[in-house]
Amino acid sequence: MRRRELGALALLPFVGARAAEDDAFLRAVRQGGCVVVFRHGQTVSGIGDPPGFRLDSCSTQRNLSEEGRVQARRIGEWFTARRLRPLAVRSSAWCRCKDTADLAFGAAETWPPLNSTFDDAALSPASTASLREALRALPPGGFEVWVTHQVNITALTGRSASSGEAFVVDAAGAVRAQAKL
């Protein structure tokens with residue numbers, strides 16, 4: 001076999017695993033009664049936001065990188081190609097979350113329980129309680145999309161998410177599936 005053919009064969013397990021992950025994710029979303037919780041797309045380097053950042057000024061925050069903008073568009077294309085339409089798209093007030101939601105789904109409602117608790121862990125229990133309450137109120141046949149931060153996803157699910165990764169979370173708060181679309 002040629003080197004290129006061997007390289008293609010080496011990718012088969014990854015491609016198969018990715019397809020299985022996508023299928024499980026798709027089934028979980030179509031089942032409804034869930035939320036697809038995304039971590040915002042890839043950002044410029046850094047952790048948290050610069051000192052003195054303001055929510056009303058994107059130029060003071062850590063924002064999406066070009067890769068993050070591409071990720072967000074790819075997420076939207078994945079949902080569109082499968083004719084999946086969320087009942088609602090909600091986002092943290094941080095620009096990187098709003099931009100991810102807007103690029104993927106066209107628009108989003110800013111919802112304070114999705115705001116980052118990174119700089120104030122005391123806010124986390126109330127935010128997580130609000131998210132759990134909203135999960136329990138979901139209609140059985142549809143789904144919502146929430147775009148938020150790593151700290152909020154971990155508080156809600158007990159799991160870590162990389163930039164652009166999502167979890168399908170049911171009304172009981174259990175993770176049905178995860179994927180990086």
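Every chain begins its residue count from 1, and numbering advances along the sequence as written. In view of the model being predicted, local features appear only for residues whose pLDDT reaches at least 70, and side-chain atom pairs are presented and counted only at 80 or more, with totals across whole chains, interfaces and linings using the full set of residues. Hydrogen atoms and water are omitted, and side-chain values are computed over all heavy atoms in the structure.

Counting from the N terminus, the helices are DSSP H or I runs at least four residues long and the strands are E runs at least two residues long. Of regular secondary structure, the protein chain possesses five helices and six strands. Burial status across the protein chain gives 46% buried among its 181 residues. Long-range pairs, those at least 24 residues apart, make up 65% of the contacts in the protein chain with a sequence separation of at least 6. With an accessible surface of roughly 9,300 Å², the protein chain has 55% of that area assigned to carbon and sulfur atoms. Burial here depends on accessible area, computed with a 1.4 Å probe over protein chains only, as a share of the maximum for the residue type. Under 20% is buried, over 50% is exposed, and the range in between is partly exposed. We call two residues in contact when some of their heavy atoms are within 4.5 Å. Residue-level accessible areas treat just the shown protein chains as cover; the underlying method is Shrake-Rupley with a 1.4 Å probe.

In this section: the pairing of strand β1 (residues 34-39). Side chains on a regular strand alternate between the two faces of the sheet. Across the six residues that make up β1, a large majority, six, are buried. Of the strand pairs in this sheet, β1 and strand β4 (residues 143-148) are connected by six bridges, and their pairing is parallel. Following the sheet pairing, V35 is matched in β4 by E144. Note that β1 and strand β5 (residues 165-170) share five bridges and pair antiparallel. Along β5, the bridge assignment pairs V36 with V168. The rule for pairing is simple: two strands pair if DSSP sees at least two bridges between them.

Moving on to the side chain of Q71. Inspection of the secondary structure puts Q71 in helix α2 (residues 66-81). Residues in contact with Q71, not counting those within four places in the same chain, are G41, Q42, S163, G164 and K180.

A few words on the sheet that holds strand β6 (residues 175-180). Taken in spatial order, the six strands of this open sheet run β3-β2-β4-β1-β5-β6, and their pairing is mixed. Sheet topology places β3 (109-110) and β6 at the edges, where each strand pairs with a single neighbour.

To continue, consider the state of the cysteines. Put simply, a disulfide is two cysteine sulfurs that come within 2.5 Å. With the rule as written, the count across this model stands at one disulfide. Here C58 engages in a disulfide with C95; their sulfurs sit 1.9 Å apart. The disulfide joining C58 to C95 has a torsion of about -85 degrees about its S-S bond and is therefore left-handed. Placement of C58 in the loop between β1 and α2 and of C95 in helix α3 (residues 95-105) is noted, with a sequence separation of 37 residues between them. Given the relative accessible area of 35%, C58 is considered partly exposed.

Before going further, it helps to spend a moment on the nonpolar core. For this analysis, a nonpolar core means a set of buried residues of the types Ala, Val, Leu, Ile, Met, Phe, Trp, Tyr and Cys, connected via side-chain atoms within 4.5 Å. Grouped together as the largest cluster of nonpolar side chains are 23 residues, with contacts concentrated most on F25, V36, F38, F79, F143, V168 and L181. At the level of secondary structure, the elements contributing two or more residues to this core comprise α1 (3-31), β1, α2, α3, β4, β5 and β6. If one sorts the elements of this core by residue count, α1 sits on top with four residues. Aside from chain neighbours lying at most four places away, what touches F79 is F25, V36, F38, L84, F105, F143 and L181. Counting residues in hydrophobic clusters, the runner-up holds 14 residues, among them V37, L138, L156 and A161.

Looking now at the confidence of the model for the protein chain. One confidence number per residue, pLDDT, is output by the predictor and ranges from 0 to 100. For the protein chain, per-residue confidence averages 87 on the pLDDT scale, and 88% of positions sit at 70 or higher. Long-range and interchain partners of residues 1-17, a stretch whose pLDDT sits below 50, account for two contacts in this model, where long-range means more than four residues apart.

So, on to the side chain of D22. Here D22 lies in helix α1. Among residues more than four places away in sequence, those in contact with D22 are W78, A179 and L181.

The next subject is the packing of aromatic side chains. Each Phe, Tyr or Trp ring (for Trp, its six-membered ring) is paired with any other whose centre lies within 6.5 Å, and the angle between the two planes then decides the class: stacked below 30 degrees, edge-to-face above 60, tilted in between. Overall, the coordinates contain seven aromatic pairs when judged by the stated rule. A centroid spacing of 5.5 Å and a plane angle of 70 degrees characterise the contact between F25 and W78, whose relative ring orientation is edge-to-face. Separated by 53 residues along the polypeptide, F25 in helix α1 and W78 in helix α2 bring together distant segments of the chain. Residue classification places W78 among the buried positions, given a relative accessible area of 7%. Seen from their ring centres, F79 and F105 are 5.2 Å apart, and the 70 degrees between their planes marks the pair as edge-to-face. Of this pair, F79 sits in helix α2 while F105 sits in helix α3, placing them 26 residues apart in sequence. According to the relative accessible area criterion, F79 is buried, its value standing at 1%. Among the aromatic residues, those joined into a cluster by ring pairs are F25, F38, W78, F79, F105 and F143.

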